[in-house]
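Results of the structural survey
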Amino acid sequence: MTSRLLQRSLGSPDYDGIRQALRDDTSTPVISVRGLEVRVAVLPLFTHDGRQAVRVSSTEPLTHVLVGVDSASGTDVTLLVPEVDAPRELTLECRDDAGVVGTAQVTVTPQRKWSVFVVHHSHLDIGYTDPQGTVLRHHLDYLDAALRLAEETASWPDDAKFRWTVESSMPALKWLDARPKEMVDSFAALARAGVIEVTALPFQLHTEACSTEELYRQLRFTAQLERQYGFATRSAMHTDVPGAVVGLVDALSSAGVRYLAAAHNWAGRSVPYLHGGDKLTRPFRWRAPSGNEIIVWFTDTPHGMAYMEGNTVGLTDSYELADDLLPRYLSALATRGYPYGPGTFGWQGPDAPKEPYELDVLHLRVQGAHADNAGPSIVPASIARRWNEQWAYPRLRSAVNSDFFEHVEERYHDRLAVHEGDWTDWWADGLGSGARPLGYVRRAQSALRVAETLHTIAGVDATEQIDAAYDKVALFNEHTWGAANPWEDAEEAGDSGGLQWTRKSSGAYSAQDDAADLLHAATRRFAAALSESGTEGGALASFAVFNPGTWTRTDIVRAFLPRDVVGVDVPIALVDSRTGRTLPHHEEFVDPVDWPTRPIGRHVHAVVPDVAGFGYARVDVVPGESQAPEPVELDLSGVIENEFYRVAYDVREGYLSSIFDKRAGRELVNGDAAAGFGQYVYDQYATAPHFNHLSGHVGAHDRTLLGDRAIGRHATITEAKRTAVGEKLVVELSGKGVDWIRTTIELYHGVPRLDLTYQLAKQGTPAKEAVFLAFPFAAGRPTAWELTGGVGGPEVPRVPGSAEYMLPIRHWIAFEDPELTVAWATLEAPLVQLGTIHMPYAPFPPTLDQEDGTVYSWALNNIWDTNFPAQQQGETTFRYAVTSEAGVQGRRLGAAAASGLCEPFVGALITDSPDVSETYVSVDHPDVLVTSLGWDGVRLQSLAAEPVEVRVSMPGQQTVEVRLPACGVAVVRGTRQ
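Anyway, here's the lowdown on the structure attached to this text.

The rules behind the values
Residues numbered from 1 in each chain as written. Predicted model: local features only at pLDDT ≥ 70, side-chain atom pairs only at ≥ 80, totals over all residues. Heavy atoms only, no water. Pairing = 2+ DSSP bridges. Helix = DSSP H or I, 4+ residues; strand = E, 2+ residues; numbered from the N terminus. Axes fitted to C-alpha atoms, helices over the stretch in contact; angles between N-to-C directions. Core = buried A, V, L, I, M, F, W, Y, C linked by side-chain atoms within 4.5 Å. Buried < 20%, exposed > 50% of the residue type's maximum accessible area, 1.4 Å probe, protein only. Contact = heavy atoms within 4.5 Å. 1 Å grid on protein atoms, 1.4 Å probe; cavity = no way out; pocket = protein on both sides within 12 Å on 5 of 7 lines; lining within 4 Å. Points joined across faces, edges and corners; volume = space filled by probe spheres on them. Nonpolar A, V, L, I, M, F, W, Y, C, P; charged D, E, K, R; others polar. Salt bridge = Lys/Arg side-chain N within 4 Å of Asp/Glu carboxyl O. Phe/Tyr/Trp six-rings, centres within 6.5 Å; stacked < 30°, edge-to-face > 60°. Patch = residues over 30% accessible without salt bridge, like charges linked within 9 Å, V, L, I, M, F, W, Y side chains within 5 Å. Areas by Shrake-Rupley, 256 points an atom, 1.4 Å probe, with all protein chains shown as cover. Lys, Arg positive; Asp, Glu negative; His and termini not counted. Charge placed at Lys NZ, Arg CZ, Asp CG, Glu CD.

Observations regarding the sheet that holds strand S22 (residues 601-611)
With antiparallel pairing, three strands are arranged side by side in an open sheet as S18-S22-S21. At either margin of the open sheet sits one strand with a lone partner, and together these are strand S18 (553-562) and strand S21 (585-590). Direction aside, the axes of adjacent strands within the sheet are offset by 25° on average. Here S18 pairs with S22 via nine bridges, running antiparallel. Residue pairing across strands places Ala559 opposite Val604, the latter belonging to S22.

Some remarks on the nonpolar core
Core analysis: the biggest nonpolar cluster contains 138 residues, and Val313, Leu315, Leu362, Phe526, Phe546, Val938 and Leu940 have the highest contact counts within it. For Leu940, the contacting residues outside a window of four places in its chain are Val923, Val928, Leu929, Val930, Thr931, Val950, Val952, Leu964, Gly968, Val969, Ala970 and Val972. By size, the runner-up hydrophobic cluster in this structure holds 83 residues, among which are Leu747, Leu773, Trp785 and Trp824.

Some thoughts on empty space enclosed by the protein
If you walk through the whole model with that rule in mind, you get seven cavities of 30 Å³ or more. In this structure, the largest cavity spans a volume of roughly 130 Å³. Lining the largest cavity are 18 residues; nearest its centre among them are His264, Trp266, Pro272, Leu280 and Asp300. Its residues assigned to classes, the lining of the largest cavity comprises 10 nonpolar, five polar and three charged. Put simply, the second largest cavity is a space of about 80 Å³. Its residues placed into classes, the lining of the second largest cavity shows six nonpolar, four polar and one charged.

Points about the pattern of salt bridges
When the charged atoms of two side chains with opposite charge come close together, those side chains can pair. Evaluation of the coordinates by the stated rule reveals 60 salt bridges. Note that Arg234 and Glu406 form a salt bridge whose closest N and O atoms lie 2.6 Å from each other. Taken together, the residues span a long stretch of sequence, with Arg234 in the loop between helix H6 (221-229) and strand S10 (235-240) and Glu406 in helix H11 (residues 401-412) at a distance of 172 residues. Overall, Arg234 belongs to the partly exposed group, its relative accessible area being 28%. With relative accessibility at 31%, the residue Glu406 sits in the partly exposed group. With a shortest N-O distance of 3.0 Å, Glu828 and Arg443 are connected by a salt bridge. Linking Glu828 in the loop between strand S40 (821-826) and strand S41 (831-834) with Arg443 in helix H12 (residues 435-457), this pair joins segments that are 385 residues apart in sequence. One network of salt bridges, in which partners are shared, links Glu213, Arg217, Arg220, Glu452, Asp467, Asp471, Asp936 and Arg939.

A short note on the environment of Val361
With respect to the helices and strands, the residue Val361 is situated in strand S14 (residues 361-366). By relative accessible area, Val361 is classed as buried at 0%. For the pair formed by Val361 and Pro766, sequence separation is 405 residues and the distance between their alpha carbons is 46 Å. Setting aside its immediate chain neighbours within four residues, Val361 contacts Trp114, Ser115, Phe117, Phe404, His407, Val408 and Tyr412.

Quick word on the packing of aromatic side chains
Within a pair of aromatic rings, the relevant descriptors are the distance that separates the centres and the angle that separates the planes. Per the stated rule, a full pass over the model turns up 44 aromatic pairs. With 5.6 Å between their ring centres and 65° between their planes, Phe526 and Phe546 make a pair best called edge-to-face. Here Phe526 is found in helix H14 (residues 497-533), whereas its partner Phe546 is found in strand S17 (residues 541-547), with 20 residues between them in sequence. Judged by its relative accessible area of 1%, Phe526 is buried. Grouping aromatic residues by their ring pairs yields a cluster made of Trp114, Phe117, Tyr259, Trp297, Tyr357, Phe404 and Phe405.

Focus: a negative patch on the surface
Residues Glu488, Asp489, Glu491, Glu492 and Asp495 make up a contiguous surface patch of negative charge. Tracing the backbone through its elements, the reader meets Glu492 in the loop between helix H13 (463-477) and H14.

A closer look at helix H7 (residues 247-254)
H7 sits mainly inside the fold: six of its eight residues count as buried. All of the buried residues along H7 are Gly247, Leu248, Val249, Asp250, Ala251 and Leu252. Looking at the packing, one finds that the buried side of H7 touches helix H5 (212-217), S10, strand S11 (259-264), strand S12 (284-287) and strand S13 (293-300). Looking one or two residues past H7, Gly256 carries a phi angle of roughly 80°, positive in sign.

Brief notes about the sheet that holds strand S51 (residues 969-972)
A sheet is described by the order of its strands in space; here three strands give the open sequence S47-S48-S51, paired in antiparallel fashion. In this open sheet, the two edge strands, each paired with only one partner strand, are strand S47 (928-934) and S51. The sheet shows a mean angle of 25° between the axes of neighbouring strands, taken without regard to direction. Set on the sheet, H12 makes contact with S47 and strand S48 (937-942); between it and S47 the angle comes to about 60°.

A short note on unusual backbone geometry
Here Arg282 and Pro283 are connected by a cis peptide whose omega angle stands at -10°. Structurally, Pro283 is set in the loop between S11 and S12. Backbone torsion omega between Tyr393 and Pro394 reads -5°, so that peptide bond is classified as cis. Looking at the secondary structure, you find Pro394 in the loop between helix H10 (379-390) and strand S15 (395-399). Phi is positive for Arg34, close to 50°, though the residue is something other than glycine. Relative to the elements of secondary structure, Arg34 occurs in the loop between strand S1 (28-33) and strand S2 (36-46). One non-glycine residue with positive phi stands out, namely Ala306, at about 55°. Residue position: Ala306 is located in the loop between S13 and helix H8 (309-312).

Quick word on the pairing of strand S34 (residues 754-762)
For S34, the buried fraction is high: nine of the nine residues fall into the buried class. Side chains of S34 alternate between two faces, with Leu754, Leu756, Tyr758, Leu760 and Lys762 and Asp755, Thr757, Gln759 and Ala761 buried alike. With nine bridges joining them, strand S33 (residues 738-748) and S34 adopt antiparallel strand pairing. Paired with Ile741 across the bridge in S34 is Leu760. The hairpin formed by S33 and S34 contains five residues between the paired strands, and Gly750 there has a positive phi angle of roughly 85°. Sheet topology places S34 next to strand S43 (residues 874-885); nine bridges connect them, and they run antiparallel. Residue Leu754 lies in a different strand from S43, and its bridge partner there is Val882.

See the structure below:
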């Protein structure tokens, strides 16, 4: 009795219920008498001698007779009839010992002759089911087993031989480095023969968290595998994560990959079928703005637990179960939009119409057990062998991933639908669950590009170190952010949440440290190379102020002048060596009494005008007439300004009340918006923590579950000052969910940009919560925003079914009207909601009236019940920038705002006097960015929505003309110094 009280957890799929639903939905009751029921299903099963199947089931054993054709006894029987090419009426008689129980007319209809490619793989969660190291060691063991199973079945019929697809290539790369030569040679031979396939992605990524360069670098090993082992990487698998960035198409194409098998786990929180996903046919051709395209197959949760699709229909269990369920599944695909009805998986949906699947070929994933990180099994191949002996159709082929795509491309390529744009990820909200380490990773992404550039200019090949740091960054962006039950802290299995998040987050901090180390070293090497090329000068010291952005700009530089180079008691002045003009500067002294553990000297701040992109200007340190002026205390009215903006902070309300553009004579803030500019907004939800997958079973059609909404209160101006370089305001507030909030507002002389920094001392809580920072602009809806490998916008196509209520961006959003363009940029926080704040539960209703010009930065959240950390805490920093200019395209101004925020000037201390300035690379098209200089060449990325011609100039080298496709990426060779 007690066992009937105990239910499986919300997160555990009830396979028995799912399978029974399939049986019920694919059969028709034809007889019902005295509590006895008989059901009939006409199925796509064909024998080798030209007959097709009718399956009859009854609640009691009976003899079932298709009059004049076939008969059998039992509760579940298969009756065979000659294959029909048009509907045929037959009579079914059901008998028990007493005689005929009932009769019914059965219509036998023509059925498809299916080819089913059974793709055996293991879904790689680096964590989730066990601590990360345990998982990876198991996956290496799986490759040992795959070799043994391949050998064991080598003599089997070709369609039945064991084949294995390495879903994520990282285990294969580790395995190749860790096994003896004879095993490696055997693996390579099997890969060349198509028995094992290594797919392109190293692990399953939140691709929207990747920078463009990072995404490309994660595919670099494909050439190595072909060169070293002789097999090509032809396909990729993207598993679990319900969406991917448009830049993935170009990145895969650049690696020679033409096929992508995606499996979208909706986890109940995704509702693509309400946003056009019901129109997304499969397979389809996914095309990037560049014109590159790949063929995509996808499965999702209502097609059978996504990547558990084959397991659901019995291909891991037994031939008998597969024989029962697989034909029913194929029948359902051919006749209904989704093979399983609403509610089958424990949550409501889909409830939108969808056309049935139209092809007679199917890609069917299977794992060795009903779990993530499951190992290989001989069972699917054994089922295929017996199946093909029994049945002519469906024909089962034990296949590697690319087998299916080659079949489809050859037969159906021209009839496949073409879809363009971003396939926005429904799980991107999870990025906000680890805001602090995510911020570290995003800073690392920026620092690594600058570090590689400066190393290259200095003549040092740092490719290996840069690649290794990017690999750490990518591992954090891997989709597994915690255990199945992340709030637990066991030492193994799915309750090892504490261990898993410790390793995951420490990887982010380590990646940022590596990036900072590389930038630190690159700056010194760059300085040393310049010093060697210079002549002894009359300056006390000099700085080479390097601009790592593409375009000439005026900006702030912060550099350190050690005490042992120039004594701290020596007055200095900074002179722009190009013009001889003195640059006003501000000094911050590192006092050994206050900071005995840090280098002693002074941090020098100065605004340096017109520094060429990817070039430097030399600033000389010369004797000054007096010490640098001390900061001037401003009144506490909350107003600061420079030549471009006047900014006012409303202390009583706790937000910026005005950003007035002096050049345009225009207010940038929407004073009538629901939220103030830069206002802290804290939402708490009326759902319980520590219930696995709870959020997947909670619906929100209104604001009922919005338990509380609070804003920052009790603002106090703690610092208001003017220095030689600009004006600054620091405000501290209190608010729910935090101990304190510190807002720093800065304007620099000569710099047309407002910088905003928010620091939160976060309280840890398992309560479901979210923090937003509001930015209401006096503008219409945004016109463009930066994506990984592309540019989005309201008129830019997206793949049907993409997430719409939120938007994961790289760094900038632009607003345009005929008089003024405004750009907003973010460094650490990629998630935004445009115009309103939505409930974080499907179908994600808005909680505020729509305001087109408002950007809500979704700084952090705790809304997941599995995989992502259950709470977060500590001091966390979020940086933003705002700029505006008349007559400039939004994409260009957005990139400029992001450059000032994410690519700060680098001040390299030099001992001699090289040239007053030098530019290492330049481009002549305003929509083309130089992202970095590497040992392989100049890396370019286009923001343009159409192809462009660009000339790339480098000192001492011939100008190169390059044609870049829309939003395209290219490398121009020839930068080695």
